[in-house]
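# Examining the three-dimensional arrangement
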Amino acid sequence: MRRGHIAAVAAAGALTMLATIPAHAAEYSSALKIKGVQYDAPGRDSNSCSTGNTDEEYLTIKNYSRTATVNLKGYVVRDSTRTNKFTFTKNHTLQPGDYVKLRGGHGTDSDAHNVVYRNNCNFLWNNDKDTIYLYKPSGAHADTHAYTASVDDRDGNGYITYHG
């Protein structure tokens, strides 16, 4: 093969690879990524702190590194409006392959049970569509995903998986 032909084949392969990346997902260099989101809590939405179901809405963040332990302190999660956000203010470490569920409502954070509560009874995600942003403590993007319930939630259970 000639050099020009090899370059053309390589370029075509790169374009094919780009075409397979969903338009609503962006890839960033980060060990932490959004594994999934329960954007619509089961049942009728109620943000009552005593009887509501905001704790059933959650975001799963996973450490996809094979070797690095990551401390969540300083990471920020927010929605598309920028008014709904959560900052991890306490140390919460994720070993390689470990995950945490960031839940609404009030509860006790637990490394053993992989849960952090937002201590806020308002829902973070819209039930029809939204964009989820995860930022590193430096302010750099760690991961971003947009969803539209009618397109991305094929089984209608209110949960969407990203990054497998």
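See above for the structure.
To keep things clear, this report deals only with the structure shown in the data block. Only a predicted model underlies this, so the values are computations on that prediction, with no experimental measurement involved.

Criteria and cut-off values
Residues numbered from 1 in each chain as written. Predicted model: local features only at pLDDT ≥ 70, side-chain atom pairs only at ≥ 80, totals over all residues. Heavy atoms only, no water. Pairing = 2+ DSSP bridges. Helix = DSSP H or I, 4+ residues; strand = E, 2+ residues; numbered from the N terminus. Axes fitted to C-alpha atoms, helices over the stretch in contact; angles between N-to-C directions. Buried < 20%, exposed > 50% of the residue type's maximum accessible area, 1.4 Å probe, protein only. Phe/Tyr/Trp six-rings, centres within 6.5 Å; stacked < 30°, edge-to-face > 60°. Lys NZ or Arg CZ within 6 Å of the ring centre and 35° of its normal. Disulfide = S-S within 2.5 Å.

Strands sit in the order 9-8-3-2-12 across an open sheet of five strands; the sheet is mixed. Strands at the two margins of the open sheet, each flanked by one partner only, are strand 9 (115-117) and strand 12 (159-161). Geometrically, the sheet is characterised by an average inter-axis angle of 25 degrees between neighbouring strands, direction not taken into account. When strand 2 (residues 32-38) meets strand 12, the two strands line up antiparallel, connected through three bridges. Opposite Gln-38, over in strand 12, you have Tyr-159 as the bridge partner.

Moving on, we come to the environment of Gly-156. Within the secondary structure layout, Gly-156 lies in the loop between helix 2 (149-152) and strand 12. When the C-alpha atoms of Gly-156 and Asp-40 are compared, they prove to be 9.5 Å apart, with 116 residues separating the residues in sequence.

Time to look at the pairing of strand 10 (residues 129-135). Buried residues dominate strand 10, accounting for six of its seven residues. Here strand 5 (residues 76-78) pairs with strand 10 via three bridges, running antiparallel. Its bridge partner lying in strand 10, Arg-78 is registered against Tyr-133. Two elements, strand 10 and strand 11 (residues 141-148), share seven bridges in a ladder whose sense is antiparallel. Directly across from Asp-130, in strand 11, lies its bridge partner Tyr-147.

Further remarks concern the packing of aromatic side chains. Counting across every chain of the model gives four aromatic pairs. Residues Tyr-58 and Tyr-159 carry aromatic rings whose centres are separated by 6.1 Å and whose planes lie at 40 degrees to one another, so their mutual orientation is tilted. Residue Tyr-58 is found in strand 3 (residues 58-63), and its partner Tyr-159 is found in strand 12; the two are separated by 101 residues along the sequence. Among the residues examined, Tyr-58 registers a relative accessible area of 13% and is labelled buried. Looking at Arg-78, its charged tip hangs above the ring of Tyr-133, at a distance of 4.0 Å from the centre.

Moving on to the state of the cysteines. Counting across every chain of the model gives one disulfide. For Cys-49, the disulfide goes to Cys-121, at an S-S distance of 2.1 Å. Across the disulfide from Cys-49 to Cys-121, rotation about the S-S bond amounts to roughly 125 degrees, and the bridge is consequently right-handed. Here Cys-49 is found in the loop between strand 2 and strand 3, whereas its partner Cys-121 is found in the loop between strand 9 and strand 10, with 72 residues between them in sequence.

Keep in mind that these numbers describe shape and distance, not what the molecule does.
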